[in-house]
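# Structural features, examined
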2 protein chains.
Amino acid sequence: MGIADDAVEVRAQGWRTLAALHGLIESELERALGSAVDLSVVEYTVLDALNRQDGWHMRMQQLARATALSPSATTRLVNRLEDRALLTRILCADDRRGIYTELTPAGRALYERARPIHDETLERVLAEASAQPELAPVVDALHTAAPVAG
Amino acid sequence: MGIADDAVEVRAQGWRTLAALHGLIESELERALGSAVDLSVVEYTVLDALNRQDGWHMRMQQLARATALSPSATTRLVNRLEDRALLTRILCADDRRGIYTELTPAGRALYERARPIHDETLERVLAEASAQPELAPVVDALHTAAPVAG
DNA sequence: CCTAAATACTTGCACACGCAAATAGAAAGC
DNA sequence: GCTTTCTATTTGCGTGTGCAAGTATTTAGG
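These lines cover the structure that appears in this document, whether it is placed above or below. (Residues numbered from 1 in each chain as written. Chains lettered and ligands numbered in written order. Predicted model: local features only at pLDDT ≥ 70, side-chain atom pairs only at ≥ 80, totals over all residues. Heavy atoms only, no water.)

Quick look at the relation of the copies chain A and chain B now. Of the two same-sequence chains, chain A is brought onto chain B (RMSD 0.0 Å, axial shift 0.0 Å) by a rotation of 180°. The superposition of one copy onto the other is thereby described by a two-fold rotation axis. Counting the interface residues of chain A, we find that 100% of their copies in chain B are interface residues as well, pointing to one common contact surface. (Least-squares fit on C-alpha atoms with pLDDT ≥ 70 in both. Contact = heavy atoms within 4.5 Å.)

Between side chains of opposite charge, a pair can form when the charged atoms approach closely. Under the defined criterion, the tally for this structure stands at 26 salt bridges over all chains. Residue E43 of chain B is joined to R80 of chain B by a salt bridge in which the shortest nitrogen-to-oxygen separation is 3.1 Å. Placement of the pair is E43 of chain B in helix α2 (residues 41-52) and R80 of chain B in helix α4 (residues 71-83), with a sequence separation of 37 residues. Residue E43 of chain B is classed as buried on the basis of its relative accessible area, which comes to 9%. Since its relative accessible area comes to 39%, R80 of chain B is described here as partly exposed. With its nearest N and O atoms 2.6 Å apart, the salt bridge here joins R89 of chain B to E82 of chain B. Looking at R89 of chain B, the relative accessible area reads 26%, which means it is partly exposed. Look at E82 of chain B and you get partly exposed, because its relative accessible area is 30%. Salt bridges here are not isolated pairs; linked through shared partners, they connect E9 and R16 of chain A together with D48 and R52 of chain B. (Salt bridge = Lys/Arg side-chain N within 4 Å of Asp/Glu carboxyl O. Helix = DSSP H or I, 4+ residues; strand = E, 2+ residues; numbered from the N terminus. Buried < 20%, exposed > 50% of the residue type's maximum accessible area, 1.4 Å probe, protein only.)

Not every one of the 20 residues close to DNA strand D is listed here, only the nearest: S70 and R76 of chain A together with Q61, T75 and R76 of chain B. Taking M60 of chain B, its main chain carries an N or O atom lying 3.4 Å from a phosphate oxygen of DNA strand D. Here the surface near DNA strand D is built from residues that sort into five nonpolar, six polar and nine charged. (Near = heavy atom within 4 Å. Polar contact = N/O pair within 3.5 Å; in protein donor to acceptor, adjacent residues only side chain to side chain. Nonpolar A, V, L, I, M, F, W, Y, C, P; charged D, E, K, R; others polar.)

Hydrogen bonds along the backbone pair up the strands of a sheet, which may run parallel or antiparallel. All names here are of chain A. One open sheet accounts for three strands, arranged β1-β3-β2; its pairing is antiparallel. On the outer flanks of this sheet lie β1 (58-59) and β2 (87-91), each paired with one strand and no other. In this structure, β1 lies alongside strand β3 (residues 99-103), joined through two bridges in antiparallel fashion. Within β3, the position partnered with R59 by the bridge is Y100. (Pairing = 2+ DSSP bridges.)

Shown next, in the form of structure tokens:
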């Protein structure tokens, strides 16, 4: 097996590791957030994204990018959260095709309740993952990840 | 904001980066494998896992772990692949609860056809991701990931 | 102006998933 | 040996998702 073949195998192995770590974190967050505040991970992601805008609103499209979801899934995700009165749709005047979403007070309150659960779970899972030799290098690399632009 | 708060934010940011990279790779693989050989990523994962056993068989449970899927999803995934004659179920004699799965020649042939697509796509996507400053550190860390046991 | 193309979001539909219950077989207790 | 318990897999059911088509609104062309 030559050097090129090795590189292919290393990439495939790295991808399996990445997928394993991602799945581990996501399932733990899902369990923790679900039982504590009845939120899925994507739902928390929406609340978190809206909150990081701090009082400002986001278009559906931005939400779709933030959650890595299709437009249709984004619509229904926002529907669910709106039905629970955690956010509101706001038609914007300048482009009447666009729809802004904004956290309600209830949404902000639930987010404040969910965030410590989220952060503690993440800390715990990353610590556990860091103890597994095959996951550790990827976990450590996360510390150096720069903020994602807008 | 203190040091502890920073650590929380760094972890959250790292998790968002990890999720973004995972989503990027998965969607590209999905597209490439889907259009070329009509396989989803999980379906390819099964074929790949069975092939790495090289002629040996795997239990449903092992497959569930390899794909990070629930038992029920594993059953239906194997059903789909069996319906396409890519693998066969084999009842094992020593523990008659257990069911082994094994690649058929057709399954092995399709896998051989899919692997280059998979590997080339992975190489291309990782190269693209490596060019994005916020993803690069995680991509680089994948090279050092050791083989996963079992 | 008025039509044609592009954009933003929503809806119909099919499908893959997880959870909980069902089935079947093995292992343990006595 | 027979019941209890545990393990491996499958099925019923509800739900979230993507794709493709539909609707509404903006922008570009003539």
